[in-house]
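A look at the structure
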Amino acid sequence: MAATSETPAAPSRRKTGRHRGEGQWAAGHFTPLNGNEQFKKDDDGLNVRTRIETVYSKAGFDAIDPSDLRGRMRWWGLYTQRKPGIDGGRTAVLAPEELDDRYFMLRVRIDGGRLTTRQLRVIGEVSEEFARGTADITDRQNIQYHWIRIEDVPEIWRRLEAVGLSTTEACGDTPRVILGSPVAGIAEDEIVDGTWAVEEIQRRIVGNPAFSNLPRKFKSAVSGSPLLDVAHEINDVAFVGVRHPEHGPGFDVWVGGGLSTNPRIGVRLGAWVPLEDVPDVHEGIVSIFRDYGYRRLRNRARLKFLVADWGPEKFRTVLEQEYLLRRLTDGPPPEQPLARWRDHVGVHRQKDGLHYVGFAPRVGRIDGTTLTKIAALAEEHGSGRVRTTAEQKMIVLDVPADRTDSLVAGLEALDLRVSPSPFRRGMMACTGIEFCKLAIVETKARGSALIDELERRLPGFDEPLTININGCPNACARIQVADIGLKGQLVLDDEGRQVEGYQVHLGGALGLEAGFGRKVRGLKVTSAELPDYVERVLRRYLEQRTDGERFAA
Ligand code: SF4
């Protein structure tokens, strides 16, 4: 069943009636109800690639059609970046086009976080040659460039695709990168290796016109690690490793998670799925989203709203009866992870006796030269396999025991910490005002400075702790599920002036205690006050904690 822009997919049963007003295709409602639905209907986002290659890269930025510039180019991982020098205070009064720079952010999707050193070298070379050295690791295992010129995009694609990488559907209303456990297939404690499922989902879904016009973005995750290391609770669909008492290792299915406005923790369908059935079940769920997802209002279009209205029982019934045409097996929930850190930082034994070494850059910020050096270290000490994590970290795989010290020394010399402080280890920051048009405040530099300050002020602090910093009310750095979440906004300082600052959320978490942090009523801190504020909170926690208590508000 192929859904093109001209002929939207026909779901197996058409519905009519009260849901028509939400713009659901399954209600027979194919007339676009907003500008985004209109441009998607006018032309499939995937088709913009030909225009980039044949027209825009040759004629330059000014030749780009506005609906491609602010719409379809996302289907190939391209967003215009923020014009330098435009401060947060003016954002609210500027139209989006006034914030557009002539340069782009370009996102490289790394499904499952799986990279070879050959691929990593190419990512590093592209960064140095075309992206002024930028190459941030995102919290969805991607690499993100800035300063990209439209003229260079075809050559960048040629180089990335020559080593099996792509930017296809890295952004847009599409199936985004599929998160996977970065230690799939090697971890000693693994319940089930989901690698095949990640690859098969990617092969079936990504770049497939049947799934290139979804109501909004669609985030997927697959992990058979008992550490629950892909933030499954906040994905649209997630497959989480469990052992069924009769059938053995397989996956527990979660749907409808997501942050941003109206954040929701995903819900379990109560179904156990063996590895070989994961791609079918995934395809059924993404098809439900395409056919039944709400398309009228952008802020109600994520799958979480449909799941909230239907509930898990109805969702499972529709999946079984209309898409899979069979019943799923009931199954158990995942168990509570034994470790609180889920990032795989440190030196760990693999199931084959080799070791993997996870390390922490600062708030995901890295550069092309460093990536090339990491590739060289990984080749010198391992087998040439590298991973990105969903916590803005990286891992080198397959290191013999007698080579780990040498690798650790090489990484630390690059300021890539294998034994980082809890502050460096647990801090994530989104792109922020440096490049993001939606941002109100600075994030990466602020986070990096905060790490230094906290390491200096609290050298003995040794508790697992997450501090996540967003540059605006969106949730790209997952503030709602951090111990300390900082949401960028303008605040008043002591003299009543508007300055950069943060709304504070305390006590969020992922894992089986997953929940959202409490917005501390009226608690806003200026950027200048931030180190003092965080230090005060952490000192109070150290004084008042009881045995076994994790950090919480
Ligand atoms: Fe941009 Fe806001 Fe997302 Fe940060 S949270 S990257 S500022 S949209």
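Located above this text is the structure these notes cover.
Read on for a plain summary of the structure. Being a predicted model, the structure only gives us computed values, none of them experimental.

**What about unusual backbone geometry?**
Comment: phi is negative for the bulk of residues other than glycine, and the bulk of peptide bonds are trans. The phi torsion at Ala231 lies on the positive side, around 50 degrees, for a residue other than glycine. With respect to the helices, strands and loops of the structure, Ala231 is situated in the loop between β7 (218-223) and β8 (237-244). Non-glycine residue Asp398 carries a positive phi angle of around 65 degrees. Secondary-structure assignment places Asp398 in strand β15 (residues 394-399). Overall, the presence of 19 C-beta atoms within 10 Å leaves Asp398 in the partly exposed class.

**Some details on helix α2 (residues 48-59)**
Burial in α2 covers these residues: Val48, Ile52, Tyr56 and Ser57. An end-on view of α2 places all buried positions within 90 degrees of arc, on one side of the element. Exposed residues pointing more than 90 degrees away from the buried face of α2 are listed as Thr50, Thr54, Lys58 and Ala59. The elements touched by buried residues of α2 are α3 (66-69) and α6 (153-162). After α2 finishes, the residue Gly60 shows a positive phi value of roughly 95 degrees.

**Focus: the site of the ligand**
Taken together, Cys430, Thr431, Gly432, Cys436, Leu438, Ala439, Asn470, Gly471, Cys472, Asn474 and Cys476 form the complete shell of residues around the ligand. In terms of residue class, the shell around the ligand is made up of six nonpolar, five polar and no charged.

**What to know about the environment of Glu98**
For Glu98, the position within the fold is in helix α4 (residues 96-99). Residues Glu98 and Arg82, spaced 16 residues apart in sequence, show a C-alpha to C-alpha distance of 9.2 Å.

**What about the pairing of β7?**
Within β7, six of the six residues are buried, leaving the element largely enclosed by the surrounding structure. The side-chain alternation of β7 yields two buried faces, one formed by Phe218, Ser220 and Val222 and the other by Lys219, Ala221 and Ser223. As paired elements, strand β6 (residues 175-180) and β7 share four bridges and run parallel to each other. Its bridge partner lying in β7, Ile178 is registered against Ser220. Taken together, the four bridges between β7 and β8 define a ladder with parallel strand orientation. Bridging across to β8, Ser220 finds its partner in Val237.

**Some thoughts on the sheet that holds strand β5 (residues 143-148)**
As summarised here, the arrangement of the four strands in space is β1-β2-β5-β4, forming an open sheet in which the pairing is antiparallel. Because the sheet does not close on itself, it has two edges, and the strands there are β1 (78-82) and β4 (136-137). As judged from the four bridges shared by strand β2 (residues 100-108) and β5, these two strands associate in the antiparallel manner. Directly across from Arg107, in β5, lies its bridge partner Gln144.

**Quick word on helix α11 (residues 404-413)**
For α11, the set of buried residues is Thr404, Leu407, Val408 and Leu411. When α11 is viewed along its axis, its buried side chains cluster within an angular range of 100 degrees and face the same direction. Every exposed residue of α11 that faces more than 90 degrees away from the buried side is listed here: Asp405, Ala409 and Ala413. Elements in contact with the buried residues of α11: β12 (346-349), β13 (355-359), α10 (368-381) and β15.

**Points about the sheet that holds strand β9 (residues 248-255)**
One key point about sheets: their strands pair by backbone hydrogen bonds, in either a parallel or an antiparallel sense. A sheet is described by the order of its strands in space; here six strands give the open sequence β6-β7-β8-β9-β10-β11, paired in mixed fashion. Each edge of the open sheet is held by one strand with a lone partner, namely β6 and β11 (329-330). Packing against the sheet, helix α7 (residues 195-205) makes contact with β6, β7 and β8, and its axis sits at approximately 170 degrees to β6. Most of the contacts of helix α9 (residues 303-324) go to strand β10 (residues 267-273), to which it runs at about 50 degrees, and overall it touches β7, β9 and β10.

**Thoughts on the packing of helix α5 (residues 117-130) against α10**
Where α5 meets α10, the axes come as close as 7 Å, and the angle between the chain directions of the two elements is 160 degrees. In terms of orientation, α5 and α10 fall into the roughly antiparallel class. Read as a crossing pair, α5 and α10 show a hand that is left-handed. Residue-level contacts link Thr117, Leu120, Arg121, Ile123, Gly124, Glu125, Ser127 and Glu128 of α5 to Gly368, Thr369, Leu371, Thr372, Ile374, Ala375, Ala378 and Glu379 of α10. For the contact of α5 with α10, the residue count by class is six nonpolar, six polar and four charged.

The rules we used
Residues numbered from 1 in each chain as written. Predicted model: local features only at pLDDT ≥ 70, side-chain atom pairs only at ≥ 80, totals over all residues. Helix = DSSP H or I, 4+ residues; strand = E, 2+ residues; numbered from the N terminus. Buried ≥ 20, exposed ≤ 12 C-beta atoms within 10 Å, placed from the backbone. Arc of directions from axis to C-beta. Contact = placed C-beta atoms within 7 Å. Near = placed C-beta within 6 Å. Nonpolar A, V, L, I, M, F, W, Y, C, P; charged D, E, K, R; others polar. Pairing = 2+ DSSP bridges. Axes fitted to C-alpha atoms, helices over the stretch in contact; angles between N-to-C directions. Parallel < 35°, antiparallel > 145°, perpendicular 65-115°, else oblique. Left-handed = near helix turned anticlockwise from the far one by under 90°.

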